[in-house]
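Residue-level structure breakdown
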Amino acid sequence: MHRTRLRTRAGGLGFDPASLFLPSGAKGLWYDQSDISTGFQDSAGTTPQTASGQPTGRRSDKSGKTAAVVQATSAARPTFFIAGGFNYDSLDGVDDSYSTSAFSAGTLTSNMDFFMAVSRNNTQCMLAYNTAGSGTQYIGVCSEAGSSQSSVGAGTTLAYNINGTSAGTNLTEAQFNTALPKSWAVVQITGVDLSDWTAFATGLYSSSYPLEAGVAGIIICPAQTDAKRAQIRRWLGAKVGLSL
Amino acid sequence: MSWTHRTLVVPAAYRDLAWTLANGITPGGPAEGMWTTELSATGDEPATHYISSGYISPESAALLGNAQATYDAAGGQVPLADIEALYANSVIRADEDPHAVIAELGLQFVRREL
């Protein structure tokens, strides 16, 4: 009974996100900052992270696609922190970013769920994008008064959920900015179409939308049931001290 | 490997020179990934400055601000006078919040509509 209760509360003890990517080959991406073995100080992946305060030159993908996010330029690497019992990559909101290598359109698919455990500090920012500075494919733009869609080139009917609470459908930049707290939160966006995306990145789409934030986990997986989505939220939330 | 944090703000006119030097002397990956973030006094285009902020090798950090050492490390590929001018017009800070440096310089991120 005790074990069952623990499993239900944490949502993580009996749930393994690896199951989202089975059978092997299921489309998606998974970056897990809580697993220090996925972090490397260099982009080649030869110098593992061993302590808080080291740069993240490479963060391995645990989905099985080997689509690590990397930053070849040392001065633009996020910094890995262990603080408050949490592991996260800190992006400075100036020039930090990391991205996958280019992949073929169709590597991701047309009906996906996007999850991100994030604590953003700045108002005008973007959670994720395809290719920096060009094209119009991005997810989760916040701005103070923006009336444009918060996510563009990523599906036509997107449902936003913050910490387990629905925030609405097809939010504008301003609406998403209002919904997303400046503290740890688990963002869930469903109905995401990434079938045309040829890369995945976070941090610096352009000078206009730098991400100043802690990132503790990103999961992009095929569309799940509501029950499974709740498990994913709880699993990510547990990584940053949220009981969802 | 140890790393040290630097914030580097260069005028737009000096960015290509900064890239050339950084590519020539640092083991820190492609310099074109540095100074990609645009700054101006009003937040409007065009960018008057570019900023890079993050961890670099101690060897690279030791060269910053020292024109002669940079000239030597770059193997003389850039005239010493040009390096002196770059440093005279740039801001180099150790272990400082880059956002505070931007504010102190009276600069803002260049903002564009998506």
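Refer to the structure above for everything that follows.
A brief look at the structure comes next. Just so it is clear, the structure is predicted and the values come from calculations on it, not from any experiment. Here the residue index of a chain counts from 1 through its sequence in written order. Written order decides the labels, with chains lettered from A and ligands numbered from 1. For this predicted model, a pLDDT threshold of at least 70 governs which residues receive local features, and a threshold of 80 or more governs which side-chain atom pairs are given and counted, while totals over whole chains, interfaces and linings are taken from all residues. Excluded from the side-chain calculations are hydrogens and water; all other atoms, namely the structure's heavy atoms, are used.

A count of helices and strands for chain A gives three helices and 16 strands. Relative to its length of 244 residues, chain A is compact, with a C-alpha radius of gyration of 16 Å against a globular reference of 18 Å. Judged by the C-alpha coordinates and their principal axes, chain A covers about 50 × 40 × 35 Å. Note on classification: 1.4 Å probe, protein chains only; a residue is buried when its accessible area is under 20% of the maximum for its type, exposed when over 50%, partly exposed between these limits. Here chain A holds 244 residues, and the buried ones make up 54% of them. Working rule for contacts: check all heavy atoms of both residues, and any pair within 4.5 Å makes them a contact. Long-range pairs, those at least 24 residues apart, make up 68% of the contacts in chain A between residues at least 6 apart in sequence. Accessible surface is estimated by sampling points in the Shrake-Rupley manner with a 1.4 Å probe; for residues, cover comes only from the protein chains shown. Of the roughly 8,900 Å² that chain A leaves accessible, carbon and sulfur atoms contribute 50%. None of His or the chain ends enter the tally, which takes Lys and Arg as positive and Asp and Glu as negative. For the purpose of locating charges, the reference atoms are NZ of Lys, CZ of Arg, CG of Asp and CD of Glu. Side chains of chain A give 17 positive and 16 negative charges; the mean places of these two sets differ by 12 Å. Strands are runs of DSSP state E lasting at least two residues, helices are runs of H or I lasting at least four, and both sets are numbered from the N terminus onward. In this description the radius of gyration comes from C-alpha coordinates, and the expected globular size is given by 2.2 Å times residues to the power 0.38.

This paragraph deals with the overall build of chain B. Helices and strands together make up the secondary structure of chain B, namely five helices and five strands. The order of α-helices and β-strands along chain B, N terminus first, is β-α-β-β-α-α-α-β-α-β. Computed over C-alpha atoms, the radius of gyration of chain B comes to 14 Å, within 12% of the 13 Å expected from 2.2 N^0.38 for 114 residues, which places it in the range of a compact globule. Over its C-alpha atoms, taken along the principal directions, chain B stretches across nearly 40 × 30 × 25 Å. Counting over 114 residues, chain B shows a buried share of 46%. Taking contacts inside chain B between residues at least 6 apart in sequence as the whole, the part at least 24 apart equals 67%. Summing over all exposed atoms, chain B offers an accessible surface of approximately 5,300 Å²; the carbon and sulfur share of this is 51%. Within chain B, one finds 5 positive and 14 negative side-chain charges whose respective centroids are separated by 5 Å.

With 27 residues of chain A in contact, the opposing surface of chain B contributes 23 residues. Roughly 2,100 Å² of surface becomes buried between chain A and chain B when both sides are summed, with 52% attributable to carbon and sulfur atoms. Just to be clear on terms, a salt bridge is a Lys or Arg side-chain nitrogen sitting within 4 Å of an Asp or Glu carboxyl oxygen. Remark: the boundary between chain A and chain B carries zero salt bridges. The term polar contact refers here to a pair of N or O atoms within 3.5 Å; inside protein, the definition further demands a hydrogen-donor-capable atom paired with an acceptor-capable atom, and it admits residues adjacent in sequence only when both atoms are side-chain atoms. Counting every contact that joins chain A to chain B gives 11 residue pairs in polar contact (both at pLDDT 80 or more). Residues are sorted three ways: Asp, Glu, Lys and Arg are charged, Ala, Val, Leu, Ile, Met, Phe, Trp, Tyr, Cys and Pro are nonpolar, and all the rest, Gly among them, are polar. When the residues that make up the side of chain A that touches chain B are grouped by side-chain class, the tally is 12 nonpolar, nine polar and six charged. The term buried area means the drop in 1.4 Å probe accessible area that two parts suffer when joined, counted for both and summed.

All right, on to the sheet that holds strand E2 (residues 37-40) of chain B then. Strand pairing in a sheet relies on backbone hydrogen bonds, with the paired strands running either antiparallel or parallel. All names here are of chain B. Any two strands with at least two DSSP-identified bridges between them are counted as paired. Within the open sheet, the five strands sit side by side as E4-E1-E3-E2-E5. Their pairing is antiparallel. Among the strands making up the open sheet, the edge pair consists of strand E4 (91-94) and strand E5 (108-109). Relative to strand E3 (residues 49-56), E2 runs antiparallel, the two being bridged by three bridges. Of the residues in E3, the one forming a bridge with Thr37 is Ile51.

To pair, rings of Phe, Tyr and Trp, with the six-membered ring standing in for Trp, must have centres within 6.5 Å; the planes then decide the type, stacked if under 30 degrees apart, edge-to-face if over 60, and tilted in the middle. In this structure the tally under the stated criterion is nine aromatic pairs over all chains. Seen in terms of ring centroids, Trp30 of chain A and Trp235 of chain A are 5.8 Å apart; in terms of plane orientation they differ by 70°. Their pairing is edge-to-face. Highlighted residues: Trp30 of chain A in strand E1 (residues 29-32) and Trp235 of chain A in helix H3 (residues 226-239), separated in sequence by 205 residues. For the pair Trp30 of chain A and Trp235 of chain A, one class covers both residues: buried. Ring centres of Tyr31 of chain A and Phe200 of chain A lie 6.2 Å apart, and the angle between their planes is 15°; this geometry places the pair in the stacked category. On the criterion of sequence distance, the pair formed by Tyr31 of chain A in strand E1 and Phe200 of chain A in the loop between strand E14 (185-192) and strand E15 (201-202) is long-range, its members being 169 residues apart. Joined through ring pairs, the aromatic side chains of Phe81, Phe86, Tyr88 and Trp184 of chain A make up one cluster. Over a ring means this: the NZ of a Lys or the CZ of an Arg is within 6 Å of the ring centre and within 35 degrees of the ring normal. A cation sits over an aromatic face here: Arg15 of chain B above Tyr50 of chain B, 3.8 Å from the ring centre.

This next bit is on the nonpolar core. In these notes, a set of buried Ala, Val, Leu, Ile, Met, Phe, Trp, Tyr and Cys residues joined through side-chain atoms within 4.5 Å is what counts as a nonpolar core. Counting residues in hydrophobic clusters, the biggest one holds 36 residues, and the most contacted among them are Phe114 and Phe200 of chain A. Counting only elements with at least two residues in this core, the list comes to E1, strand E9 (112-120), strand E10 (125-129), strand E11 (138-142), strand E12 (159-162), E14 and strand E16 (212-222) of chain A. One finds Met34, Ala67, Ala74 and Val78 of chain B within the second-largest nonpolar core, a separate group that totals 22 residues.

All names here are of chain A. Pairing of E12 with strand E13 (residues 165-169), which is carried by four bridges, proceeds in the antiparallel orientation. For Tyr160, the partnering residue across the bridge sits in E13 and is Gly168. Hairpin remark: E12 followed by E13, antiparallel, with two residues in the connecting loop; positive phi at Asn163, about 55°.

Attention now moves to the environment of Ala201 of chain A. All names here are of chain A. Within the fold, Ala201 resides in strand E15. Sequence spacing of Ala201 and Asn130 is 71 residues, and the spatial spacing of their C-alpha atoms is 6.0 Å. With residues near it in sequence (within four places) discarded, Ala201 still touches Tyr98, Ser99, Leu127, Ala128, Tyr129 and Asn130.

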